[in-house]
Amino acid sequence: MVERHKSRGELNQRELIKSAPFFEGLPEEIVERTTAQVVVREHPSNQVILLENDWGSSVYFILEGWVKIRTYNLDGKEVTLNIIGKGELFGEMAPLEEVPRSTDVITLAPTTIGNMPASDFVNLIHTEPKAGIRLAQLMARRLRQVNRRLRLRESDSTSRVADILLFLADGQGTKTAEGVEIPNLPHRELSSLSGLARETVTRVLSKLEKKKLIVRPDRDTLCIPDLGALERLMV
């Protein structure tokens, strides 16, 4: 039998998926075994990764970029439930519950995703206590974020937009010398997340920018110089 040597690209991909926060602190041999069948793929912006009601055969780890979790209300209007990025995972609930997918997942930027066979993920959760704790922490964090947004549904528009920006900073923020940078998402996505009209979102963002509570370093990025100042708008 001829042994197949892994290419540098394959080795780099293995190291990339092993560096995902979900695996931090897990025994090295377990991480090696669990990630052995992971396939890393590049996806362009606005590509559908999952569709509601599909049966799940993979769990997905975001290695670069970000995606939105989408569903529709009873009137057929699109509702963005969440936006997640590098270091996050999605698609884990369907294989754990053995039910079809409950939402769509679509890329919002060029995105690198590691696809893990669902059976390997489920086996990891069942056999490695730290992995189960890590998953429970992830679910608790997402539930806390949703609860916070639901409490703000009756608040004024400025509070709701500020909350979405802080929500993105918590999940996708990158600390810099100037503050915390977040992806500059299309206003329609912020509208769907906040439940406000797109025109209202645009107006509030302009007001926040005039007050220097947000700045635009470039086309793809928003920077929040002072998270505390933005937080105080919601009091």
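Residues numbered from 1 in each chain as written. Predicted model: local features only at pLDDT ≥ 70, side-chain atom pairs only at ≥ 80, totals over all residues. Heavy atoms only, no water.

- The name recorded for the protein chain in an unreviewed UniProt entry is Crp/Fnr family transcriptional regulator, from Roseofilum reptotaenium AO1-A.

**Regarding empty space enclosed by the protein**
Thought 1: All chains considered together, the criterion is met by two cavities of 30 Å³ or more.
Thought 2: What the largest cavity holds in volume is close to 60 Å³.
Thought 3: The wall of the largest cavity is formed by Arg149, Leu152, Arg153, Arg160, Asp163, Ile164, Leu193 and Ser194.
Thought 4: Put simply, the parts of the chain that give the lining of the largest cavity at least two residues each are helix H6 (157–172) and helix H7 (187–194).
Thought 5: Counting residues per element, the lining of the largest cavity draws most heavily on H6, at three residues.
Thought 6: Taken together, the residues that form the lining of the largest cavity break down as three nonpolar, one polar and four charged. (1 Å grid on protein atoms, 1.4 Å probe; cavity = no way out; pocket = protein on both sides within 12 Å on 5 of 7 lines; lining within 4 Å. Points joined across faces, edges and corners; volume = space filled by probe spheres on them. Helix = DSSP H or I, 4+ residues; strand = E, 2+ residues; numbered from the N terminus. Nonpolar A, V, L, I, M, F, W, Y, C, P; charged D, E, K, R; others polar.)

**Structural notes on the layout of surface pockets**
Thought 1: A volume near 680 Å³ is recorded for the largest pocket.
Thought 2: Around the largest pocket, the lining is made up of 26 residues, and of these Ile69, Leu81, Ser102, Thr103 and Arg142 lie nearest the centre.
Thought 3: Put simply, the parts of the chain that give the lining of the largest pocket at least two residues each are strand E5 (78–85), helix H3 (93–97) and helix H5 (129–151).
Thought 4: A total of six residues in the lining of the largest pocket trace back to one element, the largest contributor, which is H5.
Thought 5: Looking at the lining of the largest pocket residue by residue, the class counts come to 15 nonpolar, five polar and six charged.

**Observations concerning the pattern of salt bridges**
Thought 1: Per the counting criterion, the structure on display carries 13 salt bridges.
Thought 2: A salt bridge links Arg216 to Glu209, with the nearest nitrogen and oxygen atoms 2.9 Å apart.
Thought 3: Residue classification places Arg216 among the partly exposed residues on the basis of a relative accessible area of 33%.
Thought 4: On the basis of relative accessibility, which here comes to 28%, the residue Glu209 falls in the partly exposed class.
Thought 5: Look at the salt bridges and you will find they share partners, linking Lys68, Arg70, Glu78, Asp104, Arg188 and Glu189 into a network. (Salt bridge = Lys/Arg side-chain N within 4 Å of Asp/Glu carboxyl O. Buried < 20%, exposed > 50% of the residue type's maximum accessible area, 1.4 Å probe, protein only.)

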